[in-house]
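Residue strings, one per chain:
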Amino acid sequence: MEKGSVMDSTGEQSGDIQQRSYWRWSKQDFLPEESFQSWANYRCALSQTFFRFKDRLISRSEDSNEISELRKQSENNMKRCLNWWDLIWFGFGSVIGAGIFVLTGQEAHEHAGPAIVLSYVASGISAMLSVFCYTEFAVEIPVAGGSFAYLRIELGDFAAFIAAGNILLESVVGSAAVARAWTSYFATLLNRESNSLRIHTNLTEGYNLLDPIAVGVLAIAAAIAMSSTRRTSDLNWIASAVNTIVIFFVIIAGFAHANTSNLKPFLPYGAEGIFKAAAIVYFAYGGFDSIATMAEETKNPSRDIPIGLLGSMSIITIIYCLMALSLSTMQKYTDIDPNAAYSIAFQSVGMKWAKYLVALGALKGMTTVLLVGALGQARYTTHIARAHMIPPWFALVHPKTKTPIYANLMILIASAVIAFFSSLDILSALLSLSTLFIFMMMAVALLVRRYYVREMTPRKNLLMLVSFLLIIIASSMGTSAYWGLNPNGWVGYVITVPLWFLGTLGISVLLPQQRTPKTWGVPLVPWFPSLSIATNIFLMGSLGYKAFVRFGICTIAMLVYYFFFGLHATYDMAHQQHKPEPMKVKNEDTTGKAEP
């Protein structure tokens, strides 16, 4: 094989030592599975749907399969070029700039008032609990798949598919939401109304403001991410450093113009408003899971990932609370502009010039969110395609850039279409629900990983674990439901909270841990993961019913896709072990020759 050549999807040289171009789109690249080779095969596969679903429901992947075997589907490895310093700045870049500049004003104005700072505290605690879970998984299973790979190992293929669908939904909607906000702040920077750069139409409200600028920003971010991970990291570092300076200015200047009378009344919408806003602003913390997807490109995952994830998120939580408080002291919550809160707030205290600096900082922040998001989303998509949940064509890594270009294009096109039509409030509610759902599943998966090992854990212990998990989840749902029905009541909590405590205590006292983390693990197991389940479910219940309706519609669409395509593709993929072992893919940073 010539230097720099690539192998086909099975690892074999195609034809008579014929190179396969990266730029290809044959049927075999999209539908290589046996079930899709003919209409007769497909009809046969559909007739076995129930049997195949049962097989996929109880099947589990292995750590080694996710770490090494599935990576062969990409034909070329991604390049290990990141360290803990890069990951910390990726944490800043992926999180700061979207939610804090975009959603703080919206939620302070509509739901929480000055108590928006407590909303950030509540969502920050929940986010940190999820960060603990992600960190343990990312250290032990350093692959691009993130939560999809982790859930595939611990909860099985079907649970992983539900997560995969929500991950892709989160990726697309999240990018679209940030791109829409980018346009609003850019308009403010030009001293115009936030919607002035959008095209006004007669379409349904919420979808009637077309945003071509958002589409252009998404395209630029994706192009940079496709060109090089190292280049994207350097650009993110520079932009995040500038953004950090702006953030410190916002905090210091905001408190310098503080008027404590603006904090009264502190709870204009009551405790209900705090948690409703917390569920929405959780979006501001959602980008941290992108760091976990960079594990495959991290030089020393066991050291770099805990520092990058925990370090960046601890600092970010403090920054969010200070920024939210500074906004509330500068301007009364009824006067806060929902679209460009900080810029207009500085204008109201006589610092007209500051609004341009804030708008520029927000633009830089949101640009880094799009950059890091483009990296992380594509890596999620790549690993999902490696498992054949979506066509494996999207798993291909370019031999020169070492990036998954096709996966980037998929996310770009979908998010650009949504960003062109949909308003921010519609997008943020749907996104928060999807994010909270995935993080709740991650906490469940961590408890399963610690207390259950296949072919080792006694059946009695497995049944007890399942029973205690159901008690924890049901009691958490009961607490959330009671809060929604009667926020000022207390009788329901007398039942649900002790049940949650007893379920967690049962795992702690009656079940021995079956697996101990090799390098870094979540402290206070099972209490921290159980609390993460409870807080995520509680915040999910604080969202409006429209978010659940949209979530339900999207889930139904995912299930239709799964039973007609994903189920059969993954079943065929999982039952190919009788075929000859494929050759290993090329080592990264080599001349491109395949290992024997």
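Residues numbered from 1 in each chain as written. Predicted model: local features only at pLDDT ≥ 70, side-chain atom pairs only at ≥ 80, totals over all residues. Heavy atoms only, no water.

(A) Up close: the packing of aromatic side chains. Scanning the model with the defined rule gives 39 aromatic pairs in all. Geometrically, the ring pair formed by phenylalanine 275 and tryptophan 483 is edge-to-face, given 5.3 Å between the ring centres and 85 degrees between the ring planes. Residue phenylalanine 275 is found in helix 12 (residues 270-281), and its partner tryptophan 483 is found in helix 19 (residues 459-485); the two are separated by 208 residues along the sequence. Relative accessible area serves as the criterion here: at 9%, tryptophan 483 is assigned to the buried category. Between tryptophan 500 and tryptophan 527, the aromatic rings sit 6.2 Å apart at their centres with planes inclined by 65 degrees, giving edge-to-face as the arrangement. Linking tryptophan 500 in helix 20 (residues 491-510) with tryptophan 527 in helix 21 (residues 527-541), this pair joins segments that are 27 residues apart in sequence. Aromatic rings pair up to connect Phe36, Trp39, Tyr42, Phe53, Phe158, Phe161, Tyr561, Tyr562, Phe563 and Phe565 into one cluster. (Phe/Tyr/Trp six-rings, centres within 6.5 Å; stacked < 30°, edge-to-face > 60°. Helix = DSSP H or I, 4+ residues; strand = E, 2+ residues; numbered from the N terminus. Buried < 20%, exposed > 50% of the residue type's maximum accessible area, 1.4 Å probe, protein only.)

(B) Region of the structure containing helix 3 (residues 49-58). Taken together, the buried positions of helix 3 are occupied by Thr49, Arg52, Asp55 and Arg56. Taken down its axis, helix 3 places every buried residue within 130 degrees of arc, on the same side. Projecting away from the buried face of helix 3 at angles above 90 degrees are the exposed residues Phe50, Lys54 and Ile58. In the core, the buried residues of helix 3 are packed alongside helix 2 (39-47), helix 9 (157-189) and helix 22 (545-574). (Arc of directions from axis to C-beta. Contact = heavy atoms within 4.5 Å.)

(C) Representation of the nonpolar core in the model. Ranked by size, the top nonpolar core spans 168 residues in total, and within it Tyr120 and Tyr134 carry the most contacts. The leading source of residues in this core is helix 9, at 19 residues. (Core = buried A, V, L, I, M, F, W, Y, C linked by side-chain atoms within 4.5 Å.)

(D) A look at helix 14 (residues 301-330). Over its 30 residues, helix 14 extends 42 Å from the first C-alpha to the last, a length consistent with the 44 Å expected when each residue adds 1.5 Å. By the criterion of burial, helix 14 is predominantly enclosed, with 21 of the 30 residues buried. (Expected span 1.5 Å × (residues − 1).)

(E) Layout of the side chain of serine 328. Its location among the elements puts serine 328 in helix 14. A polar atom in the side chain of serine 328 sits 3.1 Å from the backbone oxygen of alanine 324. The contact partners of serine 328, leaving out residues within four places of it in the chain, are Gly113, Pro114, Ile116, Asn262 and Leu263. (Polar contact = N/O pair within 3.5 Å; in protein donor to acceptor, adjacent residues only side chain to side chain.)

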